[in-house]
Amino acid sequence: MIRIEGLTKSFGKFKALDNINLQMQEGQAISLLGPNGSGKTTLIKSILGLVIPEKGKITINNHVVREDWAYRSKIGYMPQIGRYPDNMTIEQVIKMIKEIRKDHTQYDEELIYGFGLDKMKTKTMRSLSGGTRQKVSACLAFLFSPDIYILDEPTAGLDPLSSELLKEKMVKERAAGKLILITSHVLSDLEGIASHIIYLQDGNLMFYKTVEELQASTGESKLNKVIAQVMRTELPAMKHN
Amino acid sequence: MFIRSTILFVLLFCVALLADAATHRVQMNQNLQAVINKAASGDTLLLSKGNYNQHSIIIQKPLTIIGEGYPVFDGFKKYEVFIVAANNVFIKGIQVQNTGRSSLVDMAGIKLQDASNVTITDCKIFNTTYGIYLQNSKNCTIQNNEVRASAKDELQSGNGVHAWKCDALTIKGNTLSGHRDGIYFEFVTNSFIERNKSFGNIRYGLHFMFSHNDTYSYNTFSNNGAGVAVMYTKGVTMSVNIFRHNWGDAAYAILLKDISDSKIEHNKFDRNTVGIFMEGSSRIHVAQNIFSDNGWAMRIQASCDDNVFEQNNFLGNSFDVATNGTMMLNTFRNNYWDKYDGYDLDRDGVGDVPYYPVSVYSVITERIPTAMILYRSFLTNIMDQVEKVMPSIIPDQLKDDAPRTKKWKL
Amino acid sequence: MKTIIKYVLLDLLRNKIILVYTIILAVLSISVLNLDSNPSKGLLSLLNVTLLFVPIITILFATIYFFNSIEFTELLLSQPIKRQKVILAEYIGMASSLAAAYAVGVGLPLLFLVSGTESLILVLTGVLLTLIFSSLALLIFVKSKDKTRGIGIALVVALFFTLLFDGLLIAFIYSFSDYPIDQAVIAIIAFNPIDLARVLMLLQLDTSALMGYSGALFKKFLGSATGSIFSISCMVFWVVVPLFLSVRIFRKKDL
């Protein structure tokens, strides 16, 4: 579904991504991990076409990202920080996105009702809390039932109830054969969702493995324990190679 | 002057009566020249209404010609119409039109040659090269005539009232428009120009050269190409005139060049590019005038000296005074300047700090006219403000030490 | 694209700063026009207000707005829309709401108090200045890395065109006053939209004679329709060129 070949990107002297090769398939829920500044957001933005790669090629369903913007209709994106024009209401934001996506007439509005946004739709974006804005972002990502979800820190700032609701939604979508790419610092939130783990550090791809593989190699079952173990043992070993 | 000529006229009339002067009625099918030739000196010709289609009529004896209902004489754009070459001629109430145009002869509607005591009154003179032309004449009165043309360029046109080498003229109550100059005076002395309206002339409303000891007052000069020019003359009195909207790239209300010992008083200068432009002029008393909404109220070249400017009102002019030098040998006092922002602590109506009427930007544009492209820009505003706080460029002798804080009632 | 313009407008027309800007302009216009009995003078005062406030307010507001809506822009770009369309739509929404603010704030009072060609030209001048400085703001936005630096550049640009440029011009005129530089000066003017706006407006008023007074070329150039056409076309260039550059740069900008 998503194929990344030799992706390299630097900002000035800083190399954000260094020769990344990846393949992601439908039905996968991939957790994108790495410390701050490791290149996670740059990778996501490259897939979305927001960052223009220096070298390498990204294809999505055989569409080359750089040449063809239509592929983005297959992606639902939830940004890390959702900021919207101050004086628009929730209703207007949703309506606007719907109007932009004229190709769709069927909407997945489950989250809108789930989060109770329908009851506060006349509130302006300025008056919303960070969490509520996050909910709006989530709703927009899921609105058109895309094949690919790219979710940047989706649960950050959400109350436990909403967070749970969002996770359920992700599980459901994955079961429906969608590809989900998530970055999150809260590893426990990915429990039961993530099927694969991608680990980036300093712009390099450290590993790309299934959760089962990692569980087997570390002998741990909880995701946060697994990762902690990996970081203690496997990563230093890799670095020395 | 008017009274003098009226008395003269009455006297003449009596003389004519005594001499058994006759009155002839003339119809439009008659040849006026033939009637004139037959008439005796002092006779009166009464012209009936109508188109006479006659021109080049020469009057060589004292006659009174009175038109009834404006009989029309036409030069057919080729000829002159009336030529008066005698004294004591009186012409009233005729219409003269369409003179020719020639580069050899100044073609006029009515031309006075070496005449004295001639009166032209209440005539209509339309589309003539020169309207009324006085040459080497004395004690003549041109009064209440309407002289109108529609000249297009300076070279091809003449003047409304043109006087050359004359003395003791009275030009009064005429309406002059559409000529090169409304009134033109050259070597004309001891004369009066009063209550005329001169407007829409291509060059000057009044053009005045080598004409000493004349007075012009109560005239209105408006919308003339370049306003009024007064040159090479002494002893002129200019008072109670209105100079309005003489607006253009090279227009002045008055251009003074080499004028001395004269007076400019009680005039109104309203919306002219330049109110008074003064060059090489001395001992002129400029007082109690109103300068309003002009581009420059006055441009005084450094070649002027001993002039006194007092008790004038300066209102809403873009620039009050501009000058091209740093020396200033003229006196400004007791004027009201609307831009003055000094104070008057003792409340005597006179500001306690002097007013400098030349702004720094006006100094710059005077030196480098191109800088005018920055007119009304934020930068030049700032420059003027800075200069007010610490003067360095403006001529510091050019100042009004006793500026009024209230407008004069003029 | 229309959709985005519509919603950007919807947002901006409810923006408090734009509302305050409109009201301040309206109050200024009404008081200036009522103070001066001579309407031509009122227009001149309004011109000064326009030349001083429109560029700086427009460029600052627009730059800040573009930077503040980066996340919104990203969201739009994650939708299947061309980049050029998104940035153009944002520009149009932004510029037209500021232009509307000017047209209402200055245009309405003029319509009631001094209607005529001159007033129309003044409104046109203000609107063009708004479009130009929004366009420059967009260029600053696409060229600069962060908001603080962007605002700094915006301030410098506004200051440059309001004051520094004329300072340099007068220095130029001063140093070359012995040469026939009228033509060069007119050409130089074309590089400052604020000067163009000023000249364009002065040409409509009687005051142009004051400028014509200073030289034959000015007289010829400023006296004819050529002067107005020249100023307007240069101003249109000032809208289009930065906008075109912005769109080009934005196509390759990393967000």
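One can find the structure itself at the top, above this paragraph.
Read on for an overview of the structure. These numbers come from a predicted model, not from an experiment.

Comments concerning the sheet that holds strand β7 (residues 148-152) of chain A
Residue and element names in this part refer to chain A.
Turning to step 1, where the next piece is worked out: What the six strands build is an open sheet, ordered β6-β7-β8-β3-β9-β10; its pairing is mixed. Strands with a single pairing partner mark the edges of an open sheet, and in this sheet they are β6 (75-78) and β10 (204-210). On average, each strand axis in the sheet is inclined to that of its neighbour by 15°, with strand direction left out of account.
Turning to step 2, where the next piece is worked out: With four bridges connecting them, β6 and β7 associate as parallel partners. Looking at the pairing, Met-78 lines up with Leu-151 of β7.
Turning to step 3, where the next piece is worked out: Packed on one face of the sheet, helix α1 (residues 40-48) meets β3 (29-33), β6, β7, β8 (179-183) and β9 (196-201) and runs near 145° to β7.
Turning to step 4, where the next piece is worked out: In the packing of helix α4 (residues 130-142) onto the sheet, the strands contacted are β6 and β7, and the crossing angle to β6 comes to about 175°.

What about the interface of chain A and chain C?
Turning to step 1, where the next piece is worked out: Across the boundary between the two partners, chain A contributes 34 residues, which contact 28 residues of chain C.
Turning to step 2, where the next piece is worked out: Summing both sides of the interface, chain A and chain C together bury roughly 2800 Å²; the carbon and sulfur share of this comes to 57%.
Turning to step 3, where the next piece is worked out: Scanning the region where chain A abuts chain C turns up three salt bridges.
Turning to step 4, where the next piece is worked out: Residue assignment for the side of chain A that touches chain C shows that the elements contributing at least two residues are β1 (2-11), α1, β6 and α2 (90-100) of chain A.
Turning to step 5, where the next piece is worked out: Per element, the largest residue contribution to the side of chain A that touches chain C is six residues, and it comes from α2(A).
Turning to step 6, where the next piece is worked out: Broken down by class, the residue content of the side of chain A that touches chain C amounts to 19 nonpolar, five polar and ten charged.

Focus on the packing of aromatic side chains
Turning to step 1, where the next piece is worked out: As enumerated under the stated definition, the model contains 34 aromatic pairs over all chains in all.
Turning to step 2, where the next piece is worked out: A centroid spacing of 5.3 Å and a plane angle of 15° characterise the contact between B:Trp296 and B:Phe319, whose relative ring orientation is stacked. You can see B:Trp296 sitting in strand β32 (residues 296-300) and its partner B:Phe319 sitting in strand β35 (residues 319-322), a full 23 residues away along the chain. Judged on exposure class, the residue B:Trp296 and its partner B:Phe319 are both buried.
Turning to step 3, where the next piece is worked out: Aromatic side chains C:Phe160 and C:Phe161 sit 5.1 Å apart centroid to centroid with 70° between the ring planes, which places their arrangement in the edge-to-face category.
Turning to step 4, where the next piece is worked out: Take C:Phe160: its relative accessible area is 28%, and that puts it in the partly exposed class.
Turning to step 5, where the next piece is worked out: Residue class for C:Phe161 comes out buried when judged on its relative accessible area of 7%.
Turning to step 6, where the next piece is worked out: The ring of B:Tyr133 carries the charged tip of B:Lys111 above its face, separated from the ring centre by 5.0 Å.
Turning to step 7, where the next piece is worked out: Between B:Arg404 and the ring centre of B:Trp408, over which it is positioned, the NZ or CZ distance is 4.0 Å.

Focus: the layout of surface pockets
Turning to step 1, where the next piece is worked out: Of the voids in this model, the largest pocket is the one considered here, and its volume is about 1200 Å³.
Turning to step 2, where the next piece is worked out: Lining the largest pocket are 47 residues, with B:Asn317, B:Ser318, B:Phe319, B:Lys339 and B:Asp384 sitting closest to its centre.
Turning to step 3, where the next piece is worked out: Mapped by element, the contributors of at least two residues to the lining of the largest pocket are β35, α3 (360-367) and α4 (378-389) of chain B together with α3 (39-68) of chain C.
Turning to step 4, where the next piece is worked out: In terms of residue count, α4(B) provides more of the lining of the largest pocket than any other element does, six residues in total.

Concerning the side chain of B:Glu80
Residues and elements named next belong to chain B.
Turning to step 1, where the next piece is worked out: Residue position: Glu-80 is located in the loop between β5 (72-74) and β6 (82-84).
Turning to step 2, where the next piece is worked out: The class of Glu-80 is buried, set by a relative accessible area of 13%.
Turning to step 3, where the next piece is worked out: Among the polar contacts made by the side chain of Glu-80, one reaches the side chain of Lys-111 at a distance of 3.1 Å.

A short note on a nonpolar patch on the surface
Residues and elements named next belong to chain C.
Turning to step 1, where the next piece is worked out: On the surface, Ile-30, Val-104, Leu-108, Leu-111, Phe-112 and Leu-113 cluster together into a nonpolar patch covering about 590 Å² of accessible area.
Turning to step 2, where the next piece is worked out: By residue number, the principal contributor to the nonpolar patch is helix α5 (residues 83-113), which donates five residues.
Turning to step 3, where the next piece is worked out: With respect to the element layout, Ile-30 can be found in helix α2 (residues 16-35).
Turning to step 4, where the next piece is worked out: Judged by relative accessible area, Ile-30 falls into the partly exposed class, the value being 38%.

Definitions and cut-offs
Residues numbered from 1 in each chain as written. Chains lettered and ligands numbered in written order. Predicted model: local features only at pLDDT ≥ 70, side-chain atom pairs only at ≥ 80, totals over all residues. Heavy atoms only, no water. Pairing = 2+ DSSP bridges. Helix = DSSP H or I, 4+ residues; strand = E, 2+ residues; numbered from the N terminus. Axes fitted to C-alpha atoms, helices over the stretch in contact; angles between N-to-C directions. Contact = heavy atoms within 4.5 Å. Buried area = accessible area lost by both parts, 1.4 Å probe. Salt bridge = Lys/Arg side-chain N within 4 Å of Asp/Glu carboxyl O. Nonpolar A, V, L, I, M, F, W, Y, C, P; charged D, E, K, R; others polar. Phe/Tyr/Trp six-rings, centres within 6.5 Å; stacked < 30°, edge-to-face > 60°. Buried < 20%, exposed > 50% of the residue type's maximum accessible area, 1.4 Å probe, protein only. Lys NZ or Arg CZ within 6 Å of the ring centre and 35° of its normal. 1 Å grid on protein atoms, 1.4 Å probe; cavity = no way out; pocket = protein on both sides within 12 Å on 5 of 7 lines; lining within 4 Å. Points joined across faces, edges and corners; volume = space filled by probe spheres on them. Polar contact = N/O pair within 3.5 Å; in protein donor to acceptor, adjacent residues only side chain to side chain. Patch = residues over 30% accessible without salt bridge, like charges linked within 9 Å, V, L, I, M, F, W, Y side chains within 5 Å. Areas by Shrake-Rupley, 256 points an atom, 1.4 Å probe, with all protein chains shown as cover.

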